[in-house]
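Read off the chains here:
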Amino acid sequence: TLQPIWEGLAEHKWSDGQLADLDSELAGLNFLTDYQVAVRGERNLEIANIEFIRHPRGELHFKRPRLYFLMPFLSVIQMLSDLSGGKEMPTGQLAILGFGPSGWFDQNELRLARFDTKWYLPVVDEEAKTISQAKIHAANAALKQEIRYRTPENVLETLFIPNWSSAAEKFTYAQSSTDLARVAIALERYRLTNGNYPDSLDALSPQFIEKMPHDIIGGKPLHYRLEANGQFTLYSVGWNERDDGGVTVNSGIPPTKGDWVWRYPQK
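The following paragraphs examine the structure supplied in this document. Computed from a predicted structure; not experimentally measured.

**Section: helix H1 (residues 3-10)**
Of the positions making up H1, those classed as buried are Ile 5, Gly 8, Leu 9 and Ala 10. Contacts from the buried residues of H1 go to helix H2 (16-27), helix H9 (165-194) and strand E5 (260-263).

**Examining the environment of Leu 9**
Structurally, the position occupied by Leu 9 is in helix H1. Here the alpha-carbon distance between Leu 9 and Glu 188, two residues 179 residues apart in the chain, equals 6.9 Å. The residues contacting Leu 9, other than those within four sequence positions of it, are Trp 14, Leu 19, Ala 184, Ile 185, Glu 188, Trp 262 and Tyr 264.

**Some points on the sheet that holds strand E4 (residues 232-236)**
The three strands are arranged E3-E4-E5 in an open sheet whose pairing can be described as antiparallel. At either end of the open sheet lies a strand with only one pairing partner, and these are strand E3 (223-226) and E5. Strand after strand, the sheet turns through a mean of 15 degrees between neighbouring axes, direction not considered. Pairing of E4 with E5, which is carried by four bridges, proceeds in the antiparallel orientation.

**Observations concerning the layout of surface pockets**
Its volume calculated, the largest pocket comes out at about 630 Å³. In this structure, the largest pocket is lined by 23 residues; those nearest its centre are Leu 2, Tyr 173, Ser 177, Val 261 and Trp 262. Ranked by residues supplied to the lining of the largest pocket, first place goes to H9 with five residues. When the residues that make up the lining of the largest pocket are grouped by side-chain class, the tally is 14 nonpolar, seven polar and two charged. Together, 17 residues line the second largest pocket, and Lys 129, Gln 175, Asp 179, Arg 182 and Pro 213 are the ones closest to its centre. When residues of the lining of the second largest pocket are traced back to their parent elements, those giving at least two are H2 and H9. Looking at the lining of the second largest pocket, the element that brings in the most residues is H9, giving four residues.

**Focus: the nonpolar core**
Soluble globular proteins tend to pack their nonpolar side chains together in the buried interior. If you look at the biggest cluster of nonpolar residues, it comprises 30 residues, and the most contacted ones within it are Tyr 35, Tyr 120, Ile 131, Leu 156 and Ile 217. Looking at this core, the elements that each hand over two or more residues are helix H3 (31-54), helix H6 (103-120), helix H7 (133-146), helix H8 (155-160) and H9. Per-element tally for this core: the top contributor is H3, with five residues. For Ile 131, the contacting residues outside a window of four places in its chain are Val 123, Val 124, Ile 136, Ala 168, Thr 172, Ile 216 and Ile 217. Ala 10, Leu 26, Ile 185 and Tyr 197 belong to the second largest nonpolar core, which has 26 residues in total.

Definitions and cut-offs
- Residues numbered from 1 in each chain as written.
- Predicted model: local features only at pLDDT ≥ 70, side-chain atom pairs only at ≥ 80, totals over all residues.
- Heavy atoms only, no water.
- Buried < 20%, exposed > 50% of the residue type's maximum accessible area, 1.4 Å probe, protein only.
- Helix = DSSP H or I, 4+ residues; strand = E, 2+ residues; numbered from the N terminus.
- Contact = heavy atoms within 4.5 Å.
- Pairing = 2+ DSSP bridges.
- Axes fitted to C-alpha atoms, helices over the stretch in contact; angles between N-to-C directions.
- 1 Å grid on protein atoms, 1.4 Å probe; cavity = no way out; pocket = protein on both sides within 12 Å on 5 of 7 lines; lining within 4 Å.
- Points joined across faces, edges and corners; volume = space filled by probe spheres on them.
- Nonpolar A, V, L, I, M, F, W, Y, C, P; charged D, E, K, R; others polar.
- Core = buried A, V, L, I, M, F, W, Y, C linked by side-chain atoms within 4.5 Å.

Everything listed here is a matter of geometry and, on its own, says nothing about what the molecule does.
Encoded structure:
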């Protein structure tokens, strides 16, 4: 969705007023906050799925705990199979869960809620506007340990709990791309006023951008340099947390190698 902005900037099509409006729109996007909203929403959905299993309503209209010892086993297995995305189904443990105490369901819900809250939510620091690779790696390691063994107290947790590392990458890439676009807009506004691009990003704030975004990966300033052809290179260090000098690697979206770069073609 940023492609039209990129093309307009590359061809100098936008007026200063249009650029100011674009910046205002982009400034309202906060994908790091959206990440935490998504984690909380997923946490609620996981618990709701378990509550559905506790009190299933299907063609047979069984409702627990009135028929506590009966679980519409086949329909629940089918539902879980659809939701698990091809994970191996622990049918024996699910059957035991259907005949066991209701506290087992409570434990599954509690473990899910605790894990999301302890490991996935802190990945993003909303106040500092950064995302922590170390916390993502720690969450991945904790997840492997959490689902290593299945018991009636965590069998539903092992089926429902997602791995948020891939989603975190996408939220990070979206925010970083938005920030780079805003800085590129400020650079174009500077060029319209002064006839060229500045020597450093320090010249942009507050006249052309209210507050300069930093690199959300690591929290340091974004990298910027003028090129010999009068263009510039602007970039984040990217998912590998390493300054590769503005080198891009086309390895998917988001790229996990190389820098996340905003530059224009040579003319």
